[in-house]
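Structure assessment
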Amino acid sequence: MTYQQLIFRVDEFWADYGCLIMQPYDCPVGAGTMCPATILWALGPEPTQVAYVQPSRRPSDGRYGENPNRFQKHMQFQVLLKPSPPDVQETYLASLEAIGLDLTAHDVKFVEDDWEAPTLGAAGLGWEVRLDGMEITQFTYFQQACSLPCKPVSAELTYGLGRLAMHLQAVDDYRDLKYNDTITCGEIKYEEERQFSIYNFEAADVEMLWQLFDLYEAEALRLIESTLPLPAYDFVLNCSHTFNLLEARGAISITERPGMIERVRNLAREVGKTYVRHREELGFPLLQS
Amino acid sequence: MPDLLFEIGTEEMPANVVLPALDQMAQMMGEGLDGLRLSHGEIATYATPRRLAVLVSDTADRQPDREVEYKGPPAERAFTEDGDPTDAAFGFAKARGVDVGHLAVKETDNGVFVSVTVKEEGRPAVEVLPEMLTEIIAALDFPKTMRWGSLDVRFIRPIRWLVALLGSEVVPIQVAGLESSRVTWGHRALSPEPVELQDAADYLDALEQAYVIADHRLRRHTIIEQAQAIAAEVNGTAVLHDDIVNENHFLVEWPLCILGSFDQRYLELPDEVITTVMEKHQSYFPVAAESGALMAKFIVVANVAQDAADIVRAGNENVIGPRLADAEFYIQADTKITPEQSLDKLRRVTFLENLGTLYDKTTRLQVLAKWLCERIGADEAELATTQRAALLSKTDQISQMIGDTKLAGLQGTIGGYYALVAGEDRTVSQAIAEQYMPVAADSALPVTMAGALLAVADKIDNLASSFFVGAEPSGTKDPMGLRRQAHGIIAICMDRRLRFSLDDIVSLDMGLLPDLPEAQTPDIAKATARLNDFMAARIENFLQAAGVSYDIVRAVLATCWDDAVETIERAEALAGIRAEDGEFEAAVDTATRPANIVRPTDLPADVQVDAELFVEPIEQRLWDAHRECAEHVVAALSGRCDYLAAWEALKSLREPIDDYFIQVMVNVEDEQLRTNRLAVMRELDRLYLRFADFTQIVQ
């Protein structure tokens, strides 16, 4: 199964389940969780079932394209089910079967991994799902997002598509992974990984990044005050990504981190509050349908 | 009699919560059954990642009948003088469902009352059990709980099924939108169909048929045996750390240990890095050769049947390789940077907000370490090692290895390794590696003196800095683990008997901290005092853990203490004296007399004893005895810390003090006389306080 076939299969599986299939969000995000369709939709009482592929950037994870399965940008498949259904684990396992895994021939484990995204004030309890020792999915029951309690609770599934694809094709290096029948991931991704690793670790202008962080923060605050939570949130994402770049450049100490994280978290909280208040003013329209 | 089975089926629970939850369940079940007067046999517990179960043998299916006596109104209200029942008697009889003729009259301590004894029929167990079982679920205490769906229930993970069976009969309960039944579930993949239990007693066998070993003790045993056997096949030994074994036996329901390999070249990585990757990332068991050296092997505990072994092995081998490659990548990248370059980078890394950089911290550590070296009389070589180690101590903080959160626990260890690679002296490397010790209560302490001094200096600086900016622990909030660090200081100091003044080193350190923005300028004296109280509380914990009684600890900490080791030794000495010396109680009684009389007064601080004002001969005798005793006490306590000698000297005051109180009245009318006598009392009190505040001793 090629990489792109894998994407088609999970899309199809979750579309059949009843999910809205969205397209990737167009701001840099560290994880599919950070897209508005997860972090904001998880807030408030309105039900939702949504899934989408999301390219996610983790500057510190870059390895100049040389590590077989670590990248500064990787593809996630994100599912949000709100409220979490009682058979969510079984449905998830069925999705693995749908992509061709024989569950009796593999070791699938749900290993405690209480997920937390401190920059977003988001936290949940759940697992990392290990397939033969490889973490293929983060499975989380959202308890809190944007520092607000989640009621009802959403189940969030984040598949690491690259790892799954490698497992299915039984290759141990992304460079050998077939994206389709003619092109490998190595051919598509290597140069991107190499250049961005150089940028993230060596070339990024630290002074400029510090300035950008401040500018993005100020803009987010201004937009929150204007009750424009959605545009404001884009600037929160930019803040967060800039923070990650600064971290990749080694410009933030572990003792300095908490203060920076708190700045982003405060923004996310205000966006979340404004977003929920606005949905309430609209009468929580999805609650009726 | 039937068995009682209660199984809570959940989504996968965290491994470390299962055993404590089982203990609670067993205890609540026992108390609950006793409370319901249901006789029972043994209470057994079983658990897997997906279930918590209690199986009680020979449980009564019905409560025994019993006779219950109910107290009614006073006899004088229940019966007229003629002995006829009143309305009160009729009302009471009716409420208890008996004829008024069955009422008895009983004399009690509070008077004479009407009573009735009613025979109560026992209820069937299936009727009384539901409330008790429901209560168990509600009362289970977990370190962290969650909500799910639209429910308002909290539990460790979502509850998915409930089995409650008394013999073959379902005990009906409803929790979290579920109803109990006789249906449990087997292994997710190997036995996906529901498992219907005919009888509670079938539990273990039925689950085994469904590829679940429900008995966790058996699973643990199986894992250990399998791991040892497959390691032996390659002439190795499985490295079975308890925490990893424990985690694994609650990750699987049907364990199969599988041996895998990784590339030999990764063995060049430091052992701590390899084992951290294996154990902390992957929950694998490392494998060691006969020599003790690590082999390029690992053992994974899988939740599969034998025929899946090859696929699972190959999958895991594909995981561990890149993980180790990551660590190798970090080391290659990190060691390209010289220690001097790293130091320079530390100048741009903030330590704590407003408290300068990690480089500044490094500078402070050098000063503190030098000060400590002087206090303990370290030689030139030790001083040089400590200085160099302090300078390089934080360079790993900017490394990529420590930047990886899953490897951050290697801080110090990896710094020591990088120092060695950079050609630093082995003693310097080891001191750097030991600076965060002890990493937990009761874990290893630094082996080298330089490591011990650096570890103390680092912790002192963290404490002093945090208190300086007012970021001290409160309640459960202690993000930097300052309590643990303070305990670490005490443990290291006691281990090596490092004697120094906490006040002095804290003042020295606070003096080195940068000025804060004006509005936040701290009151250093107050910050020091709060830190002092904080350390006193840790010393108290240390002594209580050592079995020293509370009043002794308080008596010693109520004095002017300054040196943790000396204070602890003094408390231990006093505890020993109390145990050994038959005169202890009497001596303490005497010791408290001057305190009791002088402390409640407002004697001005500047009043001195004037021997000219003594009237009775005993006054001069006591004063002479005081002077002589003081000389002995000071000599005994300063320097050699001979607490027994100090105690013996203090005991010499007993006779003159007791005589004094027989012959002399302190609180006399004459103010000059009274003041002078109180001044004598204060000097005596102060002398005792050099050892302990004996008024704190509970006789």
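Residues numbered from 1 in each chain as written. Chains lettered and ligands numbered in written order. Predicted model: local features only at pLDDT ≥ 70, side-chain atom pairs only at ≥ 80, totals over all residues. Heavy atoms only, no water.

1. Brief notes about the sheet that holds strand E3 (residues 51–56) of chain B
Residue and element names in this part refer to chain B. Spatially, five strands are ordered E2-E3-E1-E7-E8 in an open sheet, and the strand pairing comes out antiparallel. Of all strands in the sheet, those bounded by a partner on one side alone are strand E2 (43–48) and strand E8 (169–170). Here strand E1 (residues 4–10) pairs with E3 via six bridges, running antiparallel. Paired with Phe-6 across the two strands is Val-54, which belongs to E3. (Pairing = 2+ DSSP bridges. Helix = DSSP H or I, 4+ residues; strand = E, 2+ residues; numbered from the N terminus.)

2. Quick notes on the domain arrangement of chain B
Many structure descriptions define interface size as the accessible area lost when the parts assemble. Each domain of chain B was delimited in the assignment, giving domain 1 (4–62 + 124–209), domain 2 (66–120), domain 3 (216–334), domain 4 (340–557) and domain 5 (581–696). A straight line from the C-alpha centre of domain 3 of chain B to that of domain 5 of chain B covers 69 Å. (Domains from an automatic or database assignment.)

3. A closer look at helix H14 (residues 413–421) of chain B
Residues and elements named next belong to chain B. Buried within H14 are the following residues: Ile-414, Gly-415, Gly-416, Tyr-418 and Ala-419. The inward-facing, buried residues of H14 contact helix H8 (271–282), helix H9 (309–334), helix H13 (400–403) and helix H15 (426–433). Of the residues flanking the end of H14, it is Gly-423, one or two places downstream, whose phi is positive at about 90°. (Buried < 20%, exposed > 50% of the residue type's maximum accessible area, 1.4 Å probe, protein only. Contact = heavy atoms within 4.5 Å.)

4. Considerations on the interface of chain B and chain A
At the interface, 53 residues of chain B touch 48 residues of chain A. Summing both sides of the interface, chain B and chain A together bury roughly 3,900 Å²; the carbon and sulfur share of this comes to 49%. Three residues stand out in chain B for area buried against chain A, namely Arg-147, Arg-157 and Arg-188 of chain B, and they jointly supply 14% of the buried area on that side. Counting every contact that joins chain B to chain A gives eight salt bridges. Lys-406 of chain B is the partner of Glu-128 of chain A in a salt bridge, and the nearest nitrogen-oxygen pair spans 3.7 Å. At the surface where chain B touches chain A, the tally comes to 29 residue pairs in polar contact (both at pLDDT 80 or more). Among the secondary structure elements, those contributing two or more residues to the side of chain B that touches chain A are H8, strand E16 (294–302) and H9 of chain B. Ranked by residue count, the leading element in the side of chain B that touches chain A is H9 of chain B, at 11 residues. In terms of residue class, the side of chain B that touches chain A is built from 25 nonpolar, 14 polar and 14 charged. (Buried area = accessible area lost by both parts, 1.4 Å probe. Salt bridge = Lys/Arg side-chain N within 4 Å of Asp/Glu carboxyl O. Polar contact = N/O pair within 3.5 Å; in protein donor to acceptor, adjacent residues only side chain to side chain. Nonpolar A, V, L, I, M, F, W, Y, C, P; charged D, E, K, R; others polar.)

5. Looking at the environment of Glu-540 of chain B
All names here are of chain B. Tracing the backbone shows Glu-540 in helix H19 (residues 524–545). The spatial distance from the C-alpha of Glu-540 to the C-alpha of Ala-571 is 9.9 Å, given a sequence separation of 31 residues. Those residues in contact with Glu-540 that lie beyond four places of it in its chain are Tyr-550, Val-553 and Leu-557.

6. Observations regarding empty space enclosed by the protein
For the structure shown, the criterion picks out three cavities of 30 Å³ or more. Of the pockets and cavities examined, the largest cavity occupies roughly 60 Å³. What lines the largest cavity is Asp-107, Lys-109, Arg-130 and Gly-133 of chain A together with Asn-248, Gln-282, Ser-283, Tyr-284, Val-300, Val-301 and Asn-316 of chain B. Within the lining of the largest cavity, the residues separate by chemical class into three nonpolar, five polar and three charged. (1 Å grid on protein atoms, 1.4 Å probe; cavity = no way out; pocket = protein on both sides within 12 Å on 5 of 7 lines; lining within 4 Å. Points joined across faces, edges and corners; volume = space filled by probe spheres on them.)

7. Section: the packing of helix H7 (residues 229–248) of chain A against helix H8 (residues 257–281) of chain A
Residues and elements named next belong to chain A. Interaxial distance between H7 and H8 falls to 9 Å at its minimum, and their mutual angle equals 165°. The orientation of H7 relative to H8 falls into the category roughly antiparallel. Where H7 crosses over H8, the handedness of that crossing is left-handed. Here Pro-229, Leu-230, Ala-232, Tyr-233, Val-236, Cys-239, Ser-240, Phe-243, Leu-246 and Glu-247 of H7 lie close against H8, whose contacting residues are Arg-257, Met-260, Ile-261, Val-264, Leu-267, Ala-268, Val-271, Thr-274 and Tyr-275. (Axes fitted to C-alpha atoms, helices over the stretch in contact; angles between N-to-C directions. Parallel < 35°, antiparallel > 145°, perpendicular 65-115°, else oblique. Left-handed = near helix turned anticlockwise from the far one by under 90°.)

8. Comments concerning the pairing of strand E6 (residues 122–131) of chain A
Taken residue by residue, a regular strand's side chains alternate between the two faces of the sheet. All names here are of chain A. The buried count for E6 comes to nine of 10 residues, which makes it a mostly enclosed element. Relative to E6, strand E5 (residues 116–117) runs antiparallel, the two being bridged by two bridges. Within the sheet, the bridge partner assigned to Glu-116 lies in E6 and is Ala-123. What sits between the antiparallel neighbours E5 and E6 is a turn of four residues, in which Gly-121 has the positive phi angle 60°. Remark: two residues form the turn of the hairpin made by E6 and strand E7 (residues 134–145), two consecutive strands paired antiparallel; Asp-132 in that turn has positive phi of roughly 50°.

9. Examining the sheet that holds strand E6 (residues 111–120) of chain B
Residue and element names in this part refer to chain B. Spatially, three strands are ordered E4-E6-E5 in an open sheet, and the strand pairing comes out antiparallel. Pairing within the sheet leaves two strands with one partner each, and these edge strands are strand E4 (66–74) and strand E5 (104–108). In this sheet, neighbouring strand axes are inclined to one another by 40° on average, regardless of whether the strands run parallel or antiparallel. Note: E4 against E6, seven bridges, orientation antiparallel. Each residue of the ladder has a partner; that of Tyr-70, found in E6, is Val-116.

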